[in-house]
Amino acid sequence: LNALPQELHGAVHGVNACADECEVKSTLADGIYRPFFLSGIISVLTLGAVWGAYLLLRIGLTGRFSAASLHEINAHGHAQIFGWVGLFVMGFAYQAFPRFKHTSLAYPHLAIATFVMILVGLTARSLAQPLVSSLPWLWWVAVGGSLLEITAVSLFVGLIGLTWQR
């Protein structure tokens with residue numbers, strides 16, 4: 001904050017008045033959006049586009065909408081929502097919300113834990129749900145993945161709430 005007047009003065013006069021005096025510290029929270037965004041992109045390209053195209057191809061080749069099971073379609077949709085939208089929303093919120101409130105992200109290491117939990121939960125649910133009809137024990141894996149996602153989202157909401165209180 002003390003460097004702001006120097007930076008403004010330098011910007012007006014076309015010099016970097018802060019080159020030697022200003023120290024920019026990068027923290028974990030500064031780049032926290034990157035793994036969320038990258039995973040969201042990977043998710044939309046794999047679980048989203050490729051899996052969706054595969055399901056549509058099966059439906060098109062058979063001429064029956066029932067060619068793709070309800071479990072497959074639901075798992076694909078779930079992967080799109082939590083993988084594409086969810087990861088982007090979480091990454092953006094962790095990055096932008098503290099800046100809107102002029103504070104820092106509360107407990108950034110827990111934010112990384114939410115990333116791991118949402119990714120593991122998403123993978124477990126997306127891969128196990130379509131196979132439940134042939135391997136019933138995978139129901140537990142799918143439900144466990146869902147519970148992990150719920151825990152991650154709850155922790156995310158809590159971290160944003162704690163950041164807001166700062």
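You'll find the structure just up there.
Residues numbered from 1 in each chain as written. Predicted model: local features only at pLDDT ≥ 70, side-chain atom pairs only at ≥ 80, totals over all residues. Heavy atoms only, no water.

1. Points about the overall build of the chain
Okay, so step 1: Assigned secondary structure in the chain consists of five helices and zero strands.
Okay, so step 2: Listing each helix as α and each strand as β along the chain from the N terminus yields α-α-α-α-α.
Okay, so step 3: Its C-alpha atoms give the chain a radius of gyration of 22 Å, more than 25% over the compact-globule value 15 Å for 166 residues.
Okay, so step 4: Projecting the C-alpha coordinates of the chain onto the three principal axes gives extents of approximately 70 × 30 × 20 Å.
Okay, so step 5: Out of the 166 residues in the chain, the part that is buried amounts to 35%.
Okay, so step 6: Taking contacts inside the chain between residues at least 6 apart in sequence as the whole, the part at least 24 apart equals 76%.
Okay, so step 7: Of the roughly 10,300 Å² that the chain leaves accessible, carbon and sulfur atoms contribute 71%. (Helix = DSSP H or I, 4+ residues; strand = E, 2+ residues; numbered from the N terminus. Rg over C-alpha atoms; globule rule 2.2 N^0.38 Å. Buried < 20%, exposed > 50% of the residue type's maximum accessible area, 1.4 Å probe, protein only. Contact = heavy atoms within 4.5 Å. Areas by Shrake-Rupley, 256 points an atom, 1.4 Å probe, with all protein chains shown as cover.)

2. Observations regarding the nonpolar core
Okay, so step 1: Formed by 16 residues in total, the largest nonpolar core has its most connected members in Ile 32, Phe 36, Met 90, Tyr 94, Leu 105, Ala 111 and Phe 156.
Okay, so step 2: Within the residue set of this core, elements represented by two or more residues are helix H3 (70-100), helix H4 (108-128) and helix H5 (138-165). (Core = buried A, V, L, I, M, F, W, Y, C linked by side-chain atoms within 4.5 Å.)

3. Overview of the environment of Ser 154
Okay, so step 1: Turning to its location among the elements, Ser 154 is positioned in helix H5.
Okay, so step 2: With 40 residues separating them in the primary sequence, Ser 154 and Thr 114 have C-alpha atoms 9.1 Å apart.
Okay, so step 3: Within polar-contact distance, the side chain of Ser 154 engages the backbone oxygen of Ile 150 at 2.9 Å. (Polar contact = N/O pair within 3.5 Å; in protein donor to acceptor, adjacent residues only side chain to side chain.)

4. So, the pattern of salt bridges
Okay, so step 1: Counting across every chain of the model gives one salt bridge.
Okay, so step 2: Glu 72 is the salt-bridge partner of Arg 58, the closest N and O atoms lying 2.7 Å from each other. Of this pair, Arg 58 sits in helix H2 (residues 33-62) while Glu 72 sits in helix H3; the two residues are 14 residues apart in sequence, bridging distant segments of the chain.
Okay, so step 3: Residue Arg 58 is classed as partly exposed on the basis of its relative accessible area, which comes to 21%.
Okay, so step 4: Classification of Glu 72 as buried rests on a relative accessible area of 13%. (Salt bridge = Lys/Arg side-chain N within 4 Å of Asp/Glu carboxyl O.)

5. A closer look at H2
Okay, so step 1: Between the first and last C-alpha of H2 there are 42 Å, a value that for 30 residues agrees with the 44 Å anticipated at 1.5 Å per step.
Okay, so step 2: At Ser 43, H2 shows its maximal kink, close to 30°.
Okay, so step 3: Three or more residues of H2 are buried, namely Phe 36, Ser 39, Gly 40, Ser 43, Val 44, Leu 47, Gly 48, Trp 51, Gly 52, Leu 55 and Ile 59.
Okay, so step 4: Packing partners of the buried residues in H2 comprise H3 and H4.
Okay, so step 5: Phi turns positive one or two residues past the end of H2, at Gly 63, with a value near 75°. (Expected span 1.5 Å × (residues − 1). Bend = angle between axes of the 7 residues up to and from the residue.)

6. So, H5
Okay, so step 1: When the terminal C-alpha atoms of H5 are compared, their 41 Å separation across 28 residues agrees well with the 40 Å that a helix rising 1.5 Å per residue should span.
Okay, so step 2: The secondary structure elements touched by the buried residues of H5 are H3 and H4.

7. Some thoughts on the environment of Ser 43
Okay, so step 1: Within the secondary structure, Ser 43 sits in helix H2.
Okay, so step 2: It is 23 Å that separates the C-alpha atoms of Ser 43 and Pro 108, two residues lying 65 residues apart in sequence.
Okay, so step 3: Here Ser 43 is in contact with Gly 48, Ala 79, Gln 80, Gly 83, Trp 84 and Leu 122, once residues within four sequence places are set aside.

8. Points about unusual backbone geometry
Okay, so step 1: In this structure, His 102 is a non-glycine residue whose phi angle is positive, near 55°.
Okay, so step 2: On the secondary structure map, His 102 appears in the loop between H3 and H4.
Okay, so step 3: A positive phi angle is found at Tyr 107, which is not glycine, with a value near 50°.

9. Here's the deal with the packing of H3 against H5
A packed helix pair is summarised by two numbers, namely the angle formed by the two axes and the spacing between the axes.
Okay, so step 1: Orientation of H3 relative to H5, taken along the N-to-C sense of each, is 20°, at an axis distance of 11 Å. Classified by the angle their axes make, H3 and H5 are roughly parallel. When the axes of H3 and H5 are compared, the crossing they make is left-handed. Between H3 and H5, the residues in contact are His 78, Phe 82, Val 89, Met 90, Ala 93, Tyr 94, Phe 97 and Pro 98 and Glu 149, Ala 152, Val 153, Phe 156, Leu 159, Ile 160, Thr 163 and Trp 164, respectively. (Axes fitted to C-alpha atoms, helices over the stretch in contact; angles between N-to-C directions. Parallel < 35°, antiparallel > 145°, perpendicular 65-115°, else oblique. Left-handed = near helix turned anticlockwise from the far one by under 90°.)

These results come straight from atomic positions and should not be treated as a statement about function.
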